[in-house]
Amino acid sequence: MSLLAVAGDHEVAGLKPSGKFRAVIDLASQEAPTYKAVIVKAFPHNPAYFTQGLALAGGSLYESTGGYGRSLLARLDLASGRVRKSRSLPARYFGEGLTVLGNRVYQLTWESRVGFVYDRDSFEPLREFFYDSEGWGLTHDGRRLIMSDGTSNLSFLDPDTRGITGRLEVRDHRGPVGKLNELEYVKGEVWANVWPTDRIVRISPLTGRVIGWIDLSGLLKPEDLTGPVDVLNGIAYDPESDRLFVTGKLWPKLFEIRLAPK
């Protein structure tokens, strides 16, 4: 349990702390600000891709798609959406989150509780790893893998051993924030799609506290809805150019966005 959560519990219990502890309690009771997305540019996205994981590395877009018998790992040209390289998963696996760290690509599966490590260039599988929950989203902070499982919890994994080194509960002023899905690490924060909404939650990886929300409703226009679409899912950040991209499951477009106060 985080310090903020403990502070909230003490306040409910009727204690009257003061000073710095009082300030922590006040912070825990505040609603985090909400931002909106402003579209900078739209890019083509394969509308057959049931997007479960998204990442940018070396100027290329990496994507993990879901669906039994149609899950794959793909490296794409950002501007055109064309596939540069892909690898299909065995039909028994439902692809989920992915992240690129160094010369490795890490990919989760949903209910099988198994993940895969690939060579970044060749997509050749290097090893498997296992976890004790469902696999949903995956990102990294440069040192640790960070994983979601559809609950309010984030797990931290050693990228070499893939063993879990810690867990963190995500909470806002109302309590735990569940259904955390695709993840991205952005400027020291963990961002998560909240299934099945059009919102992204911004999380402190130190305390688990929600420090902001992003409302992405209305990105797709009526003219984009020429085929079936599913929920928003997919966040990719390029720290070198400070560019942010989002998409969704079966979406025909990927959007570069910037944030503005709502």
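None of the values given here were measured: they were computed from a predicted structure.

Visitor: Looking at this structure, I do not really get unusual backbone geometry. What am I missing?
Guide: In most cases, non-glycine residues show a negative phi, while peptide bonds are predominantly trans. Following Trp-195, the chain continues to Pro-196 via a peptide bond in cis, the omega torsion being 0°. Positionally, Pro-196 belongs in the loop between β17 (189–194) and β18 (199–203). Although it is not a glycine, Phe-123 sits at a positive phi angle of roughly 65°. The phi dihedral of Lys-187 falls on the positive side, at around 50°, and the residue is not glycine. Within the secondary structure, Lys-187 is located in the loop between β16 (180–186) and β17. A relative accessible area of 61% places Lys-187 in the exposed class.

Visitor: Can you walk me through the sheet that holds β18 in this structure?
Guide: By definition, the strands of a sheet pair up through backbone hydrogen bonds, in either a parallel or an antiparallel sense. With mixed pairing, eight strands are arranged side by side in an open sheet as β16-β17-β18-β19-β1-β22-β21-β20. Each having just a single partner strand, β16 and β20 (232–238) make up the two edges of the open sheet. Direction aside, neighbouring strands of the sheet carry axes that sit 35° apart on average. In this sheet, strand β22 (residues 253–261) lies alongside strand β21 (residues 243–248) in antiparallel orientation, the contact comprising three bridges. Bridge pairing in β22 links Leu-244 to Ile-257.

Visitor: How do you make sense of the pattern of salt bridges when you look at a structure like this?
Guide: Think of it this way: side chains of opposite charge can pair up when their charged atoms draw near. Counted under the stated rule, the structure contains twelve salt bridges. Ionic pairing is found between Asp-141 and Arg-144, a salt bridge with its closest N-O pair at 2.8 Å. Residue classification places Asp-141 among the buried positions, given a relative accessible area of 16%. What makes Arg-144 partly exposed here is its relative accessible area of 23%. The partner of Arg-202 in a salt bridge is Glu-189, with the nearest N and O atoms 2.8 Å apart. Of this pair, Arg-202 sits in strand β18 while Glu-189 is found in strand β17, placing the two residues 13 residues apart along the sequence. Each member of the pair, Arg-202 as well as Glu-189, is classed as buried. Via salt bridges that share partners, Asp-141, Arg-143 and Arg-144 belong to a single interconnected network.

Visitor: How should the pairing of strand β7 (residues 104–109) be read in this particular structure?
Guide: Remember that side chains alternate between the two faces of the sheet whenever the strand is regular. Counting buried positions over the six residues of β7 gives five, a clear majority of the element. Relative to β7, strand β6 (residues 95–101) runs antiparallel, the two being bridged by five bridges. The partner of Gly-95 across the bridge, within β7, is Thr-109. Remark: two residues form the turn of the hairpin made by β6 and β7, two consecutive strands paired antiparallel; Gly-102 in that turn has positive phi of roughly 65°. In the sheet, β7 pairs with strand β8 (residues 114–119) via four bridges, with the strands oriented antiparallel. In the sheet register, Arg-104 faces β8, and the bridge partner there is Asp-119. Taking the residues between adjacent antiparallel strands as the criterion, β7 and β8 are bridged by four residues, where Arg-113 takes a positive phi near 60°.

Visitor: What am I meant to see in the environment of Ala-57 here?
Guide: Looking at where Ala-57 falls in the secondary structure, it is placed in strand β2 (residues 51–57). In this structure Ala-57 comes out as buried when scored by relative accessible area, which is 14%. Each C-alpha atom of the pair Ala-57 and Arg-75 lies 9.7 Å from the other, and the pair is 18 residues apart in sequence. In this structure Ala-57 touches Tyr-62, Val-100 and Arg-120, once residues within four positions along its chain are discounted.

Visitor: Where do I start with the sheet that holds strand β10 (residues 138–140) in this structure?
Guide: Pairing is antiparallel across the open sheet formed by four strands, whose spatial order is β10-β11-β12-β13. In the strand order of this sheet, the two ends are held by β10 and β13 (164–169), each with one partner. Pairwise comparison of adjacent strand axes, ignoring direction, gives a mean angle of 25° for this sheet. In the sheet, strand β12 (residues 153–157) pairs with β13 via five bridges, with the strands oriented antiparallel. Residue pairing across strands places Phe-156 opposite Gly-166, the latter belonging to β13.

The rules behind each value
- Residues numbered from 1 in each chain as written.
- Predicted model: local features only at pLDDT ≥ 70, side-chain atom pairs only at ≥ 80, totals over all residues.
- Heavy atoms only, no water.
- Helix = DSSP H or I, 4+ residues; strand = E, 2+ residues; numbered from the N terminus.
- Buried < 20%, exposed > 50% of the residue type's maximum accessible area, 1.4 Å probe, protein only.
- Pairing = 2+ DSSP bridges.
- Axes fitted to C-alpha atoms, helices over the stretch in contact; angles between N-to-C directions.
- Salt bridge = Lys/Arg side-chain N within 4 Å of Asp/Glu carboxyl O.
- Contact = heavy atoms within 4.5 Å.

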